[in-house]
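In case you want the letters, here they are:
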Amino acid sequence: MLTSELSYLNGLINDLYDFEEELKRLSLKVYPSPVLKQFITKELIPIVLNIRDIFIKDKAKLDEDPHYNISAKTKAAEIIWSSGYLQHFAWAISESNIKSYPLEIMSFFKDLIHELDTSNFEILAVPSHEINFSFSEVWLPLKDYLEKNIGLKSNNETLLIKLTFPHTHRHNLFLSCIYAHEIGHYFDRRNDFWGDIFTKVIKDRFILKKFKPILRTSSDVDNDAIRIVILQKVLGSWIREAIADCFAVCLLGPAYVYSTMEFNIFSSGRQQFHNNLLMNIYSLTHPPNHLRNNFQVKLLKELGLFRVLNNRLKNEITEYNDQINKSASYYRDSETRLDLDDTLYLVENKEFYDVIEELWKSTLTPIKSRVKSFLKNNVMTPKQVEEALRLAEERIKLAVPPNEYEGKAASVPAILNAGWFARLQYRADMEKVLNNIKGEKADYNFLENLNSLIRYALYASQVHKRWQE
Amino acid sequence: MVMSILNMREDYQINQPLGFNTHILLEALQKMKNHEGLDELEAATMKYTVDFLSVVISFCEGENKRYMAGMSGPEAFSLFVRTLAESFTLEGVKQQAEDFKNLLDTLNQCGSISDQEWNKLNKWIHSLMDIEYQWSSAERFSRWRL
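1. Re the overall build of chain A
Working step 1: Helix and strand counts for chain A stand at 18 helices and 10 strands.
Working step 2: The long-range share in chain A, meaning contacts at least 24 apart out of those at least 6 apart in sequence, stands at 78%.
Working step 3: Counting only carbon and sulfur atoms, one obtains 50% of the accessible surface of chain A, whose full area is about 20,700 Å².

2. With respect to the overall build of chain B
Working step 1: Scanning chain B for helices and strands turns up six helices and zero strands.
Working step 2: Reading the helices (α) and strands (β) of chain B from amino to carboxyl end gives α-α-α-α-α-α.
Working step 3: Contacts in chain B between residues at least 24 apart in sequence constitute 63% of all its contacts with a sequence separation of at least 6.
Working step 4: Carbon and sulfur atoms provide 46% of the accessible area of chain B, an area that totals close to 6,600 Å².

3. Quick notes on the sheet that holds strand β3 (residues 159-166) of chain A
Residue and element names in this part refer to chain A.
Working step 1: As summarised here, the arrangement of the three strands in space is β1-β3-β2, forming an open sheet in which the pairing is mixed. Two strands in the sheet have a free side with no partner beyond their single neighbour: β1 (121-128) and β2 (134-137). Across the sheet, the mean angle from the axis of one strand to that of its neighbour is 20°, orientation sign disregarded.
Working step 2: Pairing between β1 and β3: eight bridges, direction parallel. When the bridges of β3 are listed, Ile123 appears paired with Ile161.

4. Concerning the side chain of Lys148 of chain A
Working step 1: Among the structural elements, Lys148 of chain A can be located in helix α6 (residues 139-150).
Working step 2: If we skip the residues at most four places from it in the chain, Lys148 of chain A touches Gly19, Phe20, Asn21, Leu41, Thr45, Tyr48, Tyr67 and Met68 of chain B.

5. A short note on the packing of helix α16 (residues 412-425) of chain A against helix α18 (residues 442-468) of chain A
All names here are of chain A.
Working step 1: At a minimum axis separation of 10 Å, α16 and α18 run at an interaxial angle of 165°. Viewed along their axes, α16 and α18 adopt a mutual orientation that is roughly antiparallel. Crossing angle aside, the handedness with which α16 passes α18 is right-handed. Of α18, the residues touching α16 (which contributes Val412, Ile415, Leu416, Gly419, Ala422 and Arg423) are Phe446, Leu447, Leu450, Ile454, Ala457, Leu458, Ser461 and Gln462.

6. A word on the packing of helix α10 (residues 224-252) of chain A against helix α11 (residues 254-275) of chain A
Residue and element names in this part refer to chain A.
Working step 1: α11 packs onto α10 with a crossing angle of 130° between their chain directions and a minimal axis gap of 6 Å. By the angle between their directions, the pair α10 and α11 is classed as oblique. Residues Asp245, Ala248, Val249 and Leu252 of α10 pack against Pro254, Ala255, Tyr256 and Val257 of α11.
Working step 2: Of the residues contributing to the contact of α10 with α11, the split by class is seven nonpolar, no polar and one charged.

7. Comments concerning the packing of aromatic side chains
Working step 1: Under the defined criterion, the tally for this structure stands at 29 aromatic pairs over all chains.
Working step 2: Aromatic pair Tyr282 of chain A and Tyr353 of chain A: ring centres 5.4 Å apart, planes at 50°, arrangement tilted. One end of the pair, Tyr282 of chain A, is in the loop between β5 (279-281) and α12 (289-302); the other, Tyr353 of chain A, is in helix α14 (residues 350-375), and 71 residues separate them in sequence.
Working step 3: Residues Phe59 of chain B and Phe77 of chain B carry aromatic rings whose centres are separated by 5.0 Å and whose planes lie at 50° to one another, so their mutual orientation is tilted. Of the two residues, Phe59 of chain B sits in helix α2 (residues 40-60) while Phe77 of chain B sits in helix α3 (residues 73-82), which places them 18 residues apart along the sequence.

8. Let's talk about α12 of chain A
Every α-helix winds through 3.6 residues per turn, so residues three or four apart in the chain are directed the same way.
Residue and element names in this part refer to chain A.
Working step 1: Here α12 spans 20 Å end to end across 14 residues, near enough to the 20 Å set by a 1.5 Å rise per residue.
Working step 2: Of all the 14 residues making up α12, 10 are buried; the element is thus mostly covered by neighbouring parts of the structure.
Working step 3: Within the sequence span of α12, burial applies to Asn289, His290, Leu291, Arg292, Asn293, Phe295, Gln296, Val297, Leu299 and Leu300.
Working step 4: On its buried side, α12 packs onto α7 (178-191), α10, α11, β5, α13 (311-326) and α14.
Working step 5: Where α12 ends, the next residue or the one after it, Gly304, has phi of about 80°, a positive value.

9. Details of the environment of Asn289 of chain A
Residue and element names in this part refer to chain A.
Working step 1: Checked against the element boundaries, Asn289 lands in helix α12.
Working step 2: When the C-alpha atoms of Asn289 and Met261 are compared, they prove to be 9.3 Å apart, with 28 residues separating the residues in sequence.
Working step 3: Those residues within four positions of Asn289 in sequence are excluded, and the remaining contacts are Asn264, Ser268, Asn280 and Ile324.

10. Side note on the confidence of the model for chain B
Detailed reading of predicted coordinates is not advised where the pLDDT is low.
Residues and elements named next belong to chain B.
Working step 1: Summarising the model, chain B shows a mean pLDDT of 80, and 79% of its residues fall at 70 or more.
Working step 2: Taken element by element, the predicted model of chain B shows its lowest mean pLDDT in helix α6 (residues 140-143) (39) and its highest in α2 (94).
Working step 3: With pLDDT under 50 throughout, residues 1-14 is counted as low confidence; its partners more than four residues away or in other chains account for 45 contacts.
Working step 4: The low-confidence segment residues 139-146, where pLDDT is below 50, has 25 contacts with residues more than four positions distant or belonging to other chains.

11. Examining the pattern of salt bridges
Residues and elements named next belong to chain A.
Working step 1: Under the criterion given, the structure shown has 29 salt bridges over all chains.
Working step 2: Note that Glu20 and Lys24 form a salt bridge whose closest N and O atoms lie 3.2 Å from each other. One end of the pair is Glu20 and the other is Lys24, both in helix α1 (residues 5-27) and four residues apart, which spans about a single turn.
Working step 3: Note on Glu20: relative accessible area 8%, which makes it buried.
Working step 4: For Lys24, a relative accessible area of 38% puts it in the partly exposed group.
Working step 5: Residue Arg227 is joined to Asp224 by a salt bridge in which the shortest nitrogen-to-oxygen separation is 3.1 Å. Here Arg227 pairs with Asp224, and both are found in helix α10, just three residues apart, close to one helical turn. Each member of the pair Arg227 and Asp224 is classed as buried.
Working step 6: What emerges from the salt-bridge pattern is a single network uniting Glu20, Glu21, Lys24 and Arg52.

12. Let's talk about the side chain of Asn378 of chain A
Residue and element names in this part refer to chain A.
Working step 1: Among the secondary structure elements, Asn378 is positioned in the loop between α14 and α15 (382-394).
Working step 2: Polar side-chain contacts of Asn378 include one of 3.1 Å to the side chain of Glu115.
Working step 3: The residues contacting Asn378, other than those within four sequence positions of it, are Leu112, Glu115, Leu116, Cys250 and Leu251.

13. As for the environment of Arg189 of chain A
Working step 1: Among the secondary structure elements, Arg189 of chain A is positioned in helix α7.
Working step 2: Accessibility expressed as a relative area gives 30% for Arg189 of chain A, which makes it partly exposed.
Working step 3: Measuring from C-alpha to C-alpha, the distance between Arg189 of chain A and Ser136 of chain A comes to 8.4 Å, with 53 residues separating the pair along the chain.
Working step 4: Beyond its immediate chain neighbours, meaning those up to four positions away, Arg189 of chain A contacts Trp194 and Arg240 of chain A together with Arg66, Gly70 and Glu75 of chain B.

How each quantity is defined
- Residues numbered from 1 in each chain as written.
- Chains lettered and ligands numbered in written order.
- Predicted model: local features only at pLDDT ≥ 70, side-chain atom pairs only at ≥ 80, totals over all residues.
- Heavy atoms only, no water.
- Helix = DSSP H or I, 4+ residues; strand = E, 2+ residues; numbered from the N terminus.
- Contact = heavy atoms within 4.5 Å.
- Areas by Shrake-Rupley, 256 points an atom, 1.4 Å probe, with all protein chains shown as cover.
- Pairing = 2+ DSSP bridges.
- Axes fitted to C-alpha atoms, helices over the stretch in contact; angles between N-to-C directions.
- Parallel < 35°, antiparallel > 145°, perpendicular 65-115°, else oblique.
- Left-handed = near helix turned anticlockwise from the far one by under 90°.
- Nonpolar A, V, L, I, M, F, W, Y, C, P; charged D, E, K, R; others polar.
- Phe/Tyr/Trp six-rings, centres within 6.5 Å; stacked < 30°, edge-to-face > 60°.
- Expected span 1.5 Å × (residues − 1).
- Buried < 20%, exposed > 50% of the residue type's maximum accessible area, 1.4 Å probe, protein only.
- pLDDT = per-residue confidence, 0-100.
- Salt bridge = Lys/Arg side-chain N within 4 Å of Asp/Glu carboxyl O.
- Polar contact = N/O pair within 3.5 Å; in protein donor to acceptor, adjacent residues only side chain to side chain.

Right, here's the structure in full:
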């Protein structure tokens, strides 16, 4: 057995036969939906056959002439297969599971995509085994990639939005507001908000003079182009996070801020647990928690959503904000190799992040204006927060689902906020109504009961809304 | 070699593909140099490459244009900088992108460029090839179980 072009092509061809069989089996699953089934049979399988055909043709030529030069198209097709793009796409469909689908909250986001983007889409709900949410469109980049690399065209313009969510928290509506952040990333990618904002920042040449990252390198590479590449990687990522946060705060108001606070207990609470130390970690991909929380709180105030909260609810936010702002800042102070050059290392220290932080803060105003104008009348209003306060007090406190407000279907942002307001204020009141909030399991049972009320309200309000329309 | 979708790791992230294939681009250039006609994909690849360089140039001029689904101006710029052997100012990067674009245009129109220009273009495309290869194979063996 020898490693040769022929033996490699043989392996690839066999893989593609195997993959085709897997796709055929996948198309027989009860779920995917008819749309997904069509994607498999009308798009994916023909793509696989096409790529395999490219390989088979060159294999036949190699069989005839061992000195035959593999064609450019075959190499292009190999790169597509090796990239794992197609397999990833199929994997997302194979993992979609209607039983795990967080249906109630997703209907809200579906309506939003329908209103702000397109009605031609399908959601692939993919449960994950870690506490992680993500939202991305997977078909159009693949379609574009196939057309540009091997000339394979498709007329299918349906968006396939892959949503991953923590399987164990699929019905946890207190964490579900994080979806709003992820869908913010989705809209950003679709509209390239971050690219526009980043490009405007870079247009100011003074910034490039000011930003002088410490680079450990064997040659002199301290120049504008390298600086922009570093900024694109770090500031670009931070801008994307700010856009997603801004989107979520504008859409869901205080509920999103409480959700991120809860999420951070999962993500950074472990440090406190083991080391009695809460840290604001500066990283290349995300702004530290205190900067994000400061931005969220400031935005809540600017939207007038903080003002209408009562003191108890305000304190929950300000106490958390004080705590993380007093936490220690953590910089890796190590050297990260840049993918520009093997000899080029970036020093991630305080000095570096101070400049990133300053630049990032300068982008927050354009981010807010861009997101608000995109969301139009979907930006949460103080009136909706007041509605949520009343729903919490007049309904949830008495263990009644908050699906209706003054004879009309309550809005999803109001219901989610009402859930948080009740959780933070009315546990004792609910204990009087519900008799299972006692003993060791009291906290768990309380949240389960509350969560059920919110889930029911989301479902019922959507039915109610249809009747209203 | 058994590659099953069932063995795929969940956390695989799709990085940024280049947006055109370098092997096809190189073959197209060779054909133009030999005054041979291009097929549909080769002609399209020439256009995609010019489009890619135009997006880089626009970014250098302070304008963000999208190159393909998923790639914005700053990303195209970063990708392009990775293919340059020397270090440059922003204007220098723009000049390089314009030079390559002009070379492609000249080849497209006249079918000939000087040997020095040909070598320059060739070297750049091979740098792109390295990036393309790294992109397609970076996570391959961590993604699959053999």
